[in-house]
Amino acid sequence: MEKVRIVNSSAFPVPAYATVSSAGMDLKANLDAPVTLAPLQRAMIPTGIRIALPDGMEAQVRPRSGLAAKHGITVLNSPGTVDADYRGEIKVILVNLSDEPFVVNPGERIAQLVVARYEKVEWEEVACLDDTQRGEGGFGSTGR
């Protein structure tokens, strides 16, 4: 398991995996007071967490399925990417897609953080691409 340096200025424990097979760790709202999101309103919610990822790794900020299914609350730029050279506080852009106000309370689990390795590529410009069975079919074309 890779060690990642973390600064936790929140009032809550550092993010942790809930189970042995969990891919993500819950991020909590580091708020002094509740924040109400009106329908279709968005807000940047602080977590009080800053991390230093090794090169070749990223952290993805993803929605929590329970908030989305039960309350219509999701992460607006999902997944949000935390690059290895970013040292600022991780904040979560929450949006209320429901028709009712939603209150974000201090310490509430608002998103998941998934840390993953990635590959960099180098572009090779060509005049055309090889053919595949799918070709240019997209946006539901394989669901026939």
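Residues numbered from 1 in each chain as written. Predicted model: local features only at pLDDT ≥ 70, side-chain atom pairs only at ≥ 80, totals over all residues. Heavy atoms only, no water.

Some thoughts on the UniProt feature "binding site: substrate" (unreviewed entry) in the protein chain
Here is step 1 of the chain: Mapped onto this numbering, the UniProt entry annotates "binding site: substrate" (unreviewed entry) at Arg64, Ser65, Gly66, Asn77, Thr81, Val82 and Asp83. A maximum C-alpha distance of 26.3 Å among these annotated residues, which run over 20 residues, shows that they spread across the structure rather than meeting at one spot. As for the lining of the second largest pocket, the annotated residues named previously contribute Asn77, Thr81 and Val82.
Here is step 2 of the chain: A relative accessible area of 28% places Gly66 in the partly exposed class. (UniProt positions renumbered as here; feature names shortened; annotations may be inferred. 1 Å grid on protein atoms, 1.4 Å probe; cavity = no way out; pocket = protein on both sides within 12 Å on 5 of 7 lines; lining within 4 Å. Buried < 20%, exposed > 50% of the residue type's maximum accessible area, 1.4 Å probe, protein only.)

Remarks on the layout of surface pockets
Here is step 1 of the chain: There is about 400 Å³ of room inside the largest pocket.
Here is step 2 of the chain: No other element matches strand β11 (residues 109-117), which puts three residues into the lining of the largest pocket.
Here is step 3 of the chain: In this structure, the second largest pocket occupies an estimated 180 Å³ of space.
Here is step 4 of the chain: In this structure, the second largest pocket is lined by 13 residues; those nearest its centre are Val61, Asn77, Thr81, Val82 and Lys91.
Here is step 5 of the chain: Among the elements of the structure, β8 (80-82) and β9 (91-96) are those that each provide at least two residues to the lining of the second largest pocket.
Here is step 6 of the chain: Taken together, the residues that form the lining of the second largest pocket break down as eight nonpolar, three polar and two charged. (Points joined across faces, edges and corners; volume = space filled by probe spheres on them. Helix = DSSP H or I, 4+ residues; strand = E, 2+ residues; numbered from the N terminus. Nonpolar A, V, L, I, M, F, W, Y, C, P; charged D, E, K, R; others polar.)

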